Amino acid sequence: MKHLWSKFSPMFRRFLISYLIILMIPQIAGYASYRASIEAARASSIENSLKSLNLGKEIIERNLLQVEAFTRQLAINQDLYRLIADPKPLDVYNVYGIGKMQRSLSMYSSTNEYLSHFFYSHTELQCHYYPHHGLLQTRTLL
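Treat the numbers as computed from the prediction; the structure is a model and nothing was measured. Residue positions are given per chain, counted from 1 along the sequence in the order it is written. pLDDT decides what is reported in this predicted model: residues at 70 or higher carry local features, side-chain atom pairs at 80 or more are listed and counted, and totals for whole chains, interfaces and linings draw on all residues regardless. As a rule here, side-chain values come from all non-hydrogen atoms in the structure, and water together with hydrogens is ignored.

What follows deals with the overall build of the protein chain. Labels follow the DSSP assignment, with helices taken as runs of H or I lasting at least four residues and strands as runs of E lasting at least two, numbered in each case from the N terminus. Secondary structure summary: the protein chain contains four helices and three strands in total. For the protein chain, the α and β elements follow one another from N to C terminus as α-α-α-α-β-β-β. For the protein chain, the proportion of its 142 residues judged to be buried stands at 20%. To sort residues, take the accessible area from a 1.4 Å probe on protein chains only and compare it with the maximum for the residue type: under 20% means buried, over 50% means exposed, and anything in between is partly exposed.

Structure, rendered in C-alpha cells:
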C-alpha cells in the first residue's frame, strides 16, 4: 500500500485528501440532521400519542361517571323497583307499571346523549323497553 501511495505526487495526495474531506462533510452533516429529525419525530409522536391516550382516558372516565350516576338513579327509582320486586301475577305484562316506569325513565334518555340508547329488559314480564324510542317490545313481537 505504501508503494502504491508513493507513486502519486505530494501535491496530488494533498488535493485527494482535501477532496475526500470535502465530500465527507456533507455526508456527516446529513447523517447528523437525519438522526436529529428522527429523534424529533419520535418525541413528537410519543407526545401526540400520550395526549390522545389521555383524552381517550378522560372521555371514558366521564362516561363511566355518567353510567355510575345513572345506575344510582335506577337503584333508587321506586317504579322500577316495584316492577322488578313486586310482579303482578295476574297482569303478565303489567302495562300500567311499565308505563309508569317509562315516564320516570324517559328523562334520562332525553337529557343524556350517552345513555340515550339504554334499554330495560324484564325476563319475567318478557318485555324490553327502549326509552329513547318510546318502544315497548313484548315477547310476542320478538
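Moving on from the coordinates now.
Turning next to a nonpolar patch on the surface. Like charges are joined within 9 Å and nonpolar side chains (Val, Leu, Ile, Met, Phe, Trp, Tyr) within 5 Å, but only among residues with over 30% relative accessible area and no salt bridge; these make up the patches. To measure how exposed things are, a 1.4 Å probe is used in the Shrake-Rupley method; for residues, cover is taken only from the protein chains shown. Within this document, salt bridges are pairs made up of a side-chain nitrogen of Lys or Arg and a carboxyl oxygen of Asp or Glu, the two lying within 4 Å of each other. Judged by side-chain polarity, Y19, L20, L23, M24 and I28 come together as a nonpolar surface patch covering roughly 520 Å² of accessible area. Here M24 lies in helix 2 (residues 10–76).

It is worth spelling out the nonpolar core at this point. One finds L80, L83, I98, M101 and L105 forming the largest nonpolar core, which totals five residues. Among the elements of the structure, helix 3 (78–85) and helix 4 (95–111) are those that each provide at least two residues to this core. A total of three residues in this core trace back to one element, the largest contributor, which is helix 4. As used here, the term nonpolar core means buried Ala, Val, Leu, Ile, Met, Phe, Trp, Tyr and Cys residues forming a set that is joined through side-chain atoms within 4.5 Å.

It is worth spelling out the pattern of salt bridges at this point. Evaluation of the coordinates by the stated rule reveals three salt bridges. One salt bridge connects E39 with R42, and the closest N-O pair in it is separated by 2.9 Å. Placement of both E39 and R42 in helix 2 is noted, with a separation of three residues, approximately one turn of the helix. By relative accessible area, which is 40% here, E39 ends up partly exposed. With a closest N to O distance of 2.4 Å, E68 and R72 form a salt bridge. In this pair, E68 and R72 are both assigned in helix 2, four residues apart and thus about one turn of the helix distant.

Another point: helix 3. Restricting attention to buried positions, one finds in helix 3 the residues D79, L80 and L83. What you see down the axis of helix 3 is that its buried residues fit within an arc of 95 degrees, all on one side. The arc in question is the one spanned by the directions pointing from the helix axis to the C-beta atoms.

The next point concerns the confidence of the model for the protein chain. A residue's pLDDT is the confidence the predictor assigns to it, expressed on a 0 to 100 scale. Of all residues in the protein chain, 66% have pLDDT values of 70 or greater, and the mean over the chain is 76. Mean pLDDT across the elements of the protein chain bottoms out in strand 3 (residues 135–138) (51) and peaks in helix 2 (91).

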